[in-house]
Amino acid sequence: MLVLGIESSCDETGVGLYSDEQGLIAHTLYSQVDLHLRYGGVVPELASRDHIQKLQPLVHALLDKTATKLTALDGIAYTAGPGLSGALLVGAAFARSLAYSLNKPCVGVHHLEAHLLSPMLEENAPSLPFLALLVSGGHTMLIKVAALGQYEILGESLDDAAGEAFDKTAKIMGLPYPGGPILAKLADEGKSGMFHLPRPMVNRANLDFSFSGLKTAVAELVQKHRPLTETVKANIACEFQEAVMESLFVKTKRALQQTGLKTLVVAGGVSANKRLRHLLQQELMKLGGQVYFPRHEFCTDNGAMIALTGCLRLVAGQYDDLGFGVRARWPLDMLKKI
Ligand code: KG4
Ligand code: ZN
């Protein structure tokens, strides 16, 4: 089954082609970074309008690049939520209309399910059951995955998501949008131990996270050391990264102990973080287990993960009726088992 996947939940227009026999065939991404740069963050209305302009040319380019005829598609998948409603509606309307015109099945995909299945785009894919650490711009969750579509949330952030904390802290430090990856890069240049920030929630027995206090603590440091030299900036960034990653690490380690699982999947934008990868790789090696990360281009939003997830559901005979809708909020533990 050959499936076209469409991602438009935020500031990236992504399209991908996935076949259950051949795996990922190709994918293309258009990032709106330049569009939102001068506003210092994503402007939802501009995001929607840009998705409208970019989606059709991207699909055409993908089909041309892979010499695929529209009629060769067996199904179409799109991100139905969670995300920005207007942006989601662009992808949903496009996908549903195209599927209708081709008389092919169409399925709305949960964006977070797609993130956590993204390591399955690789040849060396994780096998079930596994523990997933999902760390994106909007969510931080530890999830027990017993079967595809069956997601038990063991813990999550009580306030800001890890990626959101990176983005907000970057802004406080005067770094340009998109702050998260820029802050992470700066952190790698800094020296650890020059400042001290708290490790939120690590001494609590549960598997929840909290990151909003960290940005306030950084704001105080920034205030105290104004004007910031490049060295001080890098050292603060380094300590901030250390605090976030240690907190993710401690809770993930605890979840592995509690569940007895030895397979860990880390996905979402923050899974690109080098320090997090290093900490978890070391730990899983110690445990005799294995950790799976998506390759860098699949850590952040993309159409390939939507095509893969849609394909899994369509192969299982799960597709939507002719209506379509999007969900800005959509609990992950309410999905149907695949
Ligand atoms: O998964 P994603 O592309 O979008 C959502 O679905 O939210 O994640 C984007 C998030 C942003 O908050 C960004 O700051 C963060 O991932 N991010 C990083 C890194 N690269 C992206 N955070 C820490 N370290 C990185 N290297
Ligand atoms: Zn995402």
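Given the structure is predicted, the values throughout are model-derived calculations rather than measurements. (Residues numbered from 1 in each chain as written. Chains lettered and ligands numbered in written order. Predicted model: local features only at pLDDT ≥ 70, side-chain atom pairs only at ≥ 80, totals over all residues. Heavy atoms only, no water.)

Draft legend 1. Region of interest: the site of ligand 1. Inspection of the region around ligand 1 gives 20 residues, with H115, G137, D167, G269 and N273 positioned closest. Measuring from an oxygen atom of ligand 1, one finds a backbone N or O atom of G137 at 2.7 Å. With respect to ligand 1, the backbone of G269 contributes an N or O atom lying 3.0 Å from an oxygen atom. Taking 560 Å² as the accessible area of ligand 1 by itself, protein coverage stands at 85%. It is helix α5 (residues 162-172) that provides the largest number of residues to the shell around ligand 1, a total of four residues. In the shell around ligand 1, the residues fall into six nonpolar, 11 polar and three charged. (Near = heavy atom within 4 Å. Polar contact = N/O pair within 3.5 Å; in protein donor to acceptor, adjacent residues only side chain to side chain. Areas by Shrake-Rupley, 256 points an atom, 1.4 Å probe, with all protein chains shown as cover. Helix = DSSP H or I, 4+ residues; strand = E, 2+ residues; numbered from the N terminus. Nonpolar A, V, L, I, M, F, W, Y, C, P; charged D, E, K, R; others polar.)

Draft legend 2. Here's a closer look at the pairing of strand β3 (residues 23-31). In this structure, strand β2 (residues 12-19) lies alongside β3, joined through eight bridges in antiparallel fashion. Bridge assignment links L17 to a residue of β3, and that residue is A26. (Pairing = 2+ DSSP bridges.)

Draft legend 3. Summary view of the coordination of the zinc ion (ligand 2). Donor atoms from the polypeptide that coordinate the zinc ion (ligand 2) comprise H111 (NE2), H115 (NE2) and D301 (OD), at 2.0 to 2.1 Å from the metal. Given four donor atoms and angles of 95 to 131° at the metal, the environment of the zinc ion (ligand 2) is assigned as tetrahedral. (Donors = N, O, S within 2.8 Å, 3.2 Å for Na, K, Ca; no water. Tetrahedral: all angles 85-135°; square planar, octahedral: opposite > 155°, others 65-115°.)

Draft legend 4. Structural context of the nonpolar core. Within the largest apolar cluster, 55 residues are counted, with the highest numbers of intra-cluster contacts made by L4, I6, I76, L116, I143, Y151 and L332. Ranked by the residues each element gives to this core, the list is headed by helix α10 (residues 303-315), at seven residues. Leaving out residues up to four positions away in the same chain, L116 has contacts with F130, L134, I143, V145, Y151, V265, A267 and L332. (Core = buried A, V, L, I, M, F, W, Y, C linked by side-chain atoms within 4.5 Å. Buried < 20%, exposed > 50% of the residue type's maximum accessible area, 1.4 Å probe, protein only. Contact = heavy atoms within 4.5 Å.)

Draft legend 5. Spatial organisation of the confidence of the model for the protein. With 100% of its residues at a pLDDT of at least 70, the protein reaches an overall mean of 97. Looking at the elements of the protein, mean pLDDT is at its lowest for helix α1 (residues 33-37), recorded as 95, and at its highest for strand β1 (residues 2-7), recorded as 99. (pLDDT = per-residue confidence, 0-100.)

Draft legend 6. Representation of the sheet that holds strand β6 (residues 130-135) within the structure. The five strands are arranged β8-β7-β6-β9-β10 in an open sheet whose pairing can be described as mixed. Strands at the two margins of the open sheet, each flanked by one partner only, are β8 (150-156) and β10 (290-292). The average undirected angle you get between the axes of adjacent strands in this sheet is 25°. With four bridges joining them, β6 and strand β9 (residues 263-267) adopt parallel strand pairing. Looking across to β9, one finds that L134 is bridged to A267. Contacts between helix α8 (residues 230-259) and the sheet are confined to β6, β7 (140-147), β8 and β9, with β6 contributing the most and set at about 160° to the helix. (Axes fitted to C-alpha atoms, helices over the stretch in contact; angles between N-to-C directions.)

Draft legend 7. Spotlight on the pairing of β9. The buried fraction of β9 amounts to five of the five residues, a majority that puts the element mostly inside the structure. Along β9, one buried face is formed by T263, V265 and A267 and the opposite face, lined by L264 and V266, is buried too. Relative to β10, β9 runs parallel, the two being bridged by three bridges. The residue bridging L264 from the neighbouring strand is V291, located in β10.

Draft legend 8. Representation of the packing of aromatic side chains. According to the stated counting rule, one finds two aromatic pairs in the structure shown. Relative to F211, the ring of F209 has its centre 6.0 Å away and its plane inclined at 15°; by these criteria the two rings are stacked. Here F209 matches F211 in class, with each residue buried. (Phe/Tyr/Trp six-rings, centres within 6.5 Å; stacked < 30°, edge-to-face > 60°.)

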